Amino acid sequence: MAAGDPSAAATSDVPATSSSAASYPDRLREALVALSQACDSGVSNASEAASFTVSDVLDAFAAVMSAEADEGSDGGDDSTAARVSEQLLREVHEFLSRPLANQMATDALSLVLPIPVAKLGAQTGGCGDIAAAILKFFVTNCSPRDMLSILCEALDAPMELPNCSSSFVLLLNALAEVLTKIQRRHIEQVKVALPAVLKVMCATVSECDEEHGKAVVDLFNAAHGIGNAIQEMCTAMVNKNKEGMCAILGLYSLQNIALASRSRQQDILCACGSVVLQHFRFLKFSGFTYVGLLTGSDVTAATDKLSKEDDADFLEGFSFAMDGAMLTVVWAYMYDDMSKYAGEELELALKEVQGNHMMKWEAINMLKYVLSSICYPWIIKSHGINLLLSLAGENHVQETNNHVDFTSYAPCIFATLKAIESVMMAAPEALMRKKAFAALKKVISMVPSSQRFDILQALVNNSMSSSLTAILLDLVREEILRESRQAENDRVESDGFQGHGELPPWASHVLELVELILRPPHGGPPCLPDHGDQVISALNLLRFILIIDSRGPRSGKLFQKETLHKVHSEWLIPLRPIVAGIQSENKRDDCEIANQIVCSLNPVQLVLYRCIELVEERLKGC
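Anyway, here's the lowdown on the structure attached to this text. (Residues numbered from 1 in each chain as written. Predicted model: local features only at pLDDT ≥ 70, side-chain atom pairs only at ≥ 80, totals over all residues. Heavy atoms only, no water.)

## Topic: the overall build of the protein
Part 1 of the argument: Scanning the protein for helices and strands turns up 32 helices and zero strands.
Part 2 of the argument: When each of the 622 residues of the protein is scored for burial, the buried share is 51%.
Part 3 of the argument: Long-range pairs, those at least 24 residues apart, make up 78% of the contacts in the protein between residues at least 6 apart in sequence. (Helix = DSSP H or I, 4+ residues; strand = E, 2+ residues; numbered from the N terminus. Buried < 20%, exposed > 50% of the residue type's maximum accessible area, 1.4 Å probe, protein only. Contact = heavy atoms within 4.5 Å.)

This is how it looks when you write it as structure tokens:
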């Protein structure tokens, strides 16, 4: 645009004072007279140069206001800036509204004024209404396709956030009006507009702080206006074109729902339910259903429709669509007005998903988009955990799932469990951490028993926290106990003829997990006392399987002589002097921290000695 160097020059020549501000209306009137004369002469080059002069005057004053705002001004200066801004905008509007206004002048100004007009329109008072009227005049009197490109360029121009968020609202409202006037090649024009719209939305939501919450609400209202325009296009279309446009509208709505949910401003969080409700109406119009949102199938279908048309770059603008799909359901689950609107439809969708094993996994996997992101507030994640627990249901289904091919689901389930872990470890409230732990156990229990230990082992191997590793090892111990009891029940029911001499399904995993903790792969003993939680859990697990292996029809199958020697000489005996040395050293240092270390290592020492006794007893019998 022409607001580059000339504006900078004008700004540097004019001091930021009220008296200098008063000169801008006179300069603007002179520039408008020059433009009118150039247009009357019919010389296009002259009219173009004159329009740049008009733009430079407005840009220069906008730059002065921005500089004063950065330096900090008192209320009088702010009032003067708003008054002069309104006067400048009125001069432009009156010039355009003259009965004998020249179309050449209108076209020339439409190319250069949207940005400075939007900047001045962000001022208080009547500036916003006049700026909106100017932009509407351009939209009404210029080519819609030209104005669409002009407004998209304006949206893409660098503006200082969050101060210019109101400017973006003006431009988005004008763009929505332009879209309603497009007569041909609707999808192509929407594909030009939406990337600019979504880029502005993403930038504004991420950069605006609490005090600008009202501006963000206005921005989402403007984005809703864009959605209304697209819906109006859909209504007038038929066949394949309508399907493509509905897919675009659905993805656009999901992206906005995700962005609204990411906002940290209290204003938008309070209004977010209504934002979601507005966009859910677009989703319903586009053929999206709660079942399709829960499982992500509607998002995939919409993306597939557009990807066939070589729209990879366009689809990048909907990077949060999967997040938005699950967030739509979470908001309906947590927000009273949405729940009333969703009503029986949501309830039936939840029942349908709960009753279908594959759809249930797909829905549970969808929650990872919300739970794993640091961008969504804890209140949303808390309701996401509630939804997950509801989807999982009360019944344990692992016994009926062993015939299902779980291989394709394993990576997604692993990612979902890691997302639940992040909530379990970082949630600010104890109740939420407790619910997340219940969800973790529930999802693990749903994994087919033949593959459950693979998942648990992968979680332990990828754990970055000693306390989390300890929790996971305790889950492994619970699973071993459950498997052992089930094996015993099966043996009794088959009159003792089942399972003789066979190793249990966990045998190939459990010793590897214990060794991972007691003899870390990077070398050396485990780090004590820092990793005391996971060490005592590993020792308890070892003690537990030593006891199990000494009983029943599988007695001695897991710990044979060679394995016992390895456990004794490489895992346990090297750990004994380390624990004893740390204990002795801290007992001599009589302080609170030292006493805490001693207390934390007492159970480690106790279980360690018990494991050594059990191994040595078994070795005597070999």
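## A few points about unusual backbone geometry
Part 1 of the argument: Residue Pro529 is bonded to the preceding Leu528 through a cis peptide linkage, with omega at 5°.
Part 2 of the argument: Mapping Pro529 onto the fold places it in the loop between α28 (507-518) and α29 (532-549).
Part 3 of the argument: Unusually for a residue other than glycine, Arg185 sits at a positive phi of about 50°.
Part 4 of the argument: Looking at the secondary structure, you find Arg185 in the loop between α10 (165-181) and α11 (186-207).

## Observations concerning the pattern of salt bridges
Side-chain pairs of opposite charge can arise where the charged atoms are in close proximity.
Part 1 of the argument: As enumerated under the stated definition, the model contains 20 salt bridges in all.
Part 2 of the argument: Ionic pairing is found between Lys441 and Glu478, a salt bridge with its closest N-O pair at 3.7 Å. One end of the pair, Lys441, is in helix α25 (residues 430-446); the other, Glu478, is in helix α27 (residues 466-493), with 37 residues separating them in the sequence.
Part 3 of the argument: Judged by relative accessible area, Lys441 falls into the partly exposed class, the value being 33%.
Part 4 of the argument: Its salt-bridge partner being Asp549, residue Arg618 comes within 2.8 Å of it at the nearest N-O pair. Of this pair, Arg618 sits in helix α32 (residues 592-620) while Asp549 sits in helix α29, and the two are 69 residues apart along the sequence.
Part 5 of the argument: When its relative accessible area of 17% is taken as the criterion, Arg618 is described as buried.
Part 6 of the argument: Linked by salt bridges that have partners in common, Arg452, Glu479, Arg482 and Glu483 make up one network. (Salt bridge = Lys/Arg side-chain N within 4 Å of Asp/Glu carboxyl O.)

## Regarding α29
Part 1 of the argument: With 18 residues, α29 extends 25 Å from end C-alpha to end C-alpha; this agrees with the ideal 26 Å at 1.5 Å per step.
Part 2 of the argument: Across the 18 residues that make up α29, a large majority, 14, are buried. (Expected span 1.5 Å × (residues − 1).)

## A look at the nonpolar core
Part 1 of the argument: Core analysis: the biggest nonpolar cluster contains 206 residues, and Leu518, Leu539, Leu542, Ile545 and Leu572 have the highest contact counts within it.
Part 2 of the argument: For this core, the element with the highest residue contribution is helix α13 (residues 239-262), accounting for 12 residues.
Part 3 of the argument: Excluding its chain neighbours within four sequence positions, the residues that come into contact with Leu542 are Val514, Leu518, Phe559, Val567, Trp571, Leu572 and Cys611. (Core = buried A, V, L, I, M, F, W, Y, C linked by side-chain atoms within 4.5 Å.)

## Digging into the packing of helix α7 (residues 114-121) against α10
Part 1 of the argument: Put simply, α7 and α10 touch, their axes get as near as 8 Å, and they point 125° apart. One way to sum up the angle between α7 and α10 is to call them oblique. For α7 against α10, the interelement crossing comes out right-handed. Contacts from Pro114, Ala118, Lys119 and Gly121 of α7 reach α10 at Ser167, Leu170 and Leu171.
Part 2 of the argument: Each residue belonging to the contact of α7 with α10 can be placed in one class, and the counts come to four nonpolar, two polar and one charged. (Axes fitted to C-alpha atoms, helices over the stretch in contact; angles between N-to-C directions. Parallel < 35°, antiparallel > 145°, perpendicular 65-115°, else oblique. Left-handed = near helix turned anticlockwise from the far one by under 90°. Nonpolar A, V, L, I, M, F, W, Y, C, P; charged D, E, K, R; others polar.)

## Notes on the environment of Pro195
Part 1 of the argument: Among the structural elements, Pro195 can be located in helix α11.
Part 2 of the argument: Linking Pro195 and Phe314, residues 119 residues apart in sequence, is a C-alpha distance of 6.9 Å.
Part 3 of the argument: Not counting the four nearest positions on each side in its chain, Pro195 is found in contact with Val190 and Phe314.

## Side note on the side chain of Lys442
Part 1 of the argument: Mapped onto the elements, Lys442 comes out in helix α25.
Part 2 of the argument: Residue Lys442 is classed as buried on the basis of its relative accessible area of 15%.
Part 3 of the argument: At a separation of 2.9 Å, a polar atom in the side chain of Lys442 contacts the main-chain carbonyl oxygen of Gly393. (Polar contact = N/O pair within 3.5 Å; in protein donor to acceptor, adjacent residues only side chain to side chain.)

## Things to note about the packing of α29 against α32
Part 1 of the argument: Between α29 and α32, the shortest axis-to-axis distance is 9 Å and the interhelical angle comes to 30°. Relative to α32, α29 is oriented roughly parallel. Judged by the twist between their axes, the crossing of α29 over α32 is left-handed. Seen from α29, the contacting residues are Gly532, Val535, Ile536, Leu539, Asn540, Leu542, Arg543, Leu546, Ile547 and Asp549; seen from α32, they are Pro603, Val604, Val607, Leu608, Arg610, Cys611, Leu614, Val615 and Arg618.
Part 2 of the argument: Looking at the contact of α29 with α32 residue by residue, the class counts come to 13 nonpolar, two polar and four charged.

## A look at α7
Part 1 of the argument: With seven of eight residues buried, α7 lies mostly within the body of the structure.
Part 2 of the argument: Of the residues making up α7, those classed as buried are Pro114, Ile115, Pro116, Val117, Ala118, Leu120 and Gly121.

## Overview of the environment of Leu481
Part 1 of the argument: Positionally, Leu481 belongs in helix α27.
Part 2 of the argument: In this structure the C-alpha to C-alpha distance between Leu481 and Phe544, which are 63 residues apart in sequence, comes to 8.9 Å.

## Details of the environment of Leu155
Part 1 of the argument: Within the element layout of this structure, Leu155 appears in helix α9 (residues 144-156).
Part 2 of the argument: Aside from chain neighbours lying at most four places away, what touches Leu155 is Phe168, Leu171, Leu172, Leu175, Ala196, Val197 and Val200.

## Section: the state of the cysteines
Part 1 of the argument: As enumerated under the stated definition, the model contains zero disulfides in all.
Part 2 of the argument: Between Cys246, a free cysteine, and Cys234, which holds the nearest cysteine sulfur, the sulfur-to-sulfur gap is 4.0 Å.
Part 3 of the argument: Cys246 gets classed as buried once you look at its relative accessible area, which sits at 8%. (Disulfide = S-S within 2.5 Å.)

## Details of the packing of aromatic side chains
Part 1 of the argument: Enumeration according to the criterion identifies three aromatic pairs in this entry.
Part 2 of the argument: Centroid distance Phe314 to Phe318: 5.2 Å. Interplanar angle 85°. Geometry classified as edge-to-face. Residue Phe314 shares its accessibility class with Phe318, and that shared class is buried.
Part 3 of the argument: We note Arg262 situated over the ring of Phe320; from NZ or CZ to the ring centre the distance is 3.7 Å.
Part 4 of the argument: In this structure, Lys381 packs its charged tip against the face of Trp378, placed 4.8 Å from the ring centre. (Phe/Tyr/Trp six-rings, centres within 6.5 Å; stacked < 30°, edge-to-face > 60°. Lys NZ or Arg CZ within 6 Å of the ring centre and 35° of its normal.)

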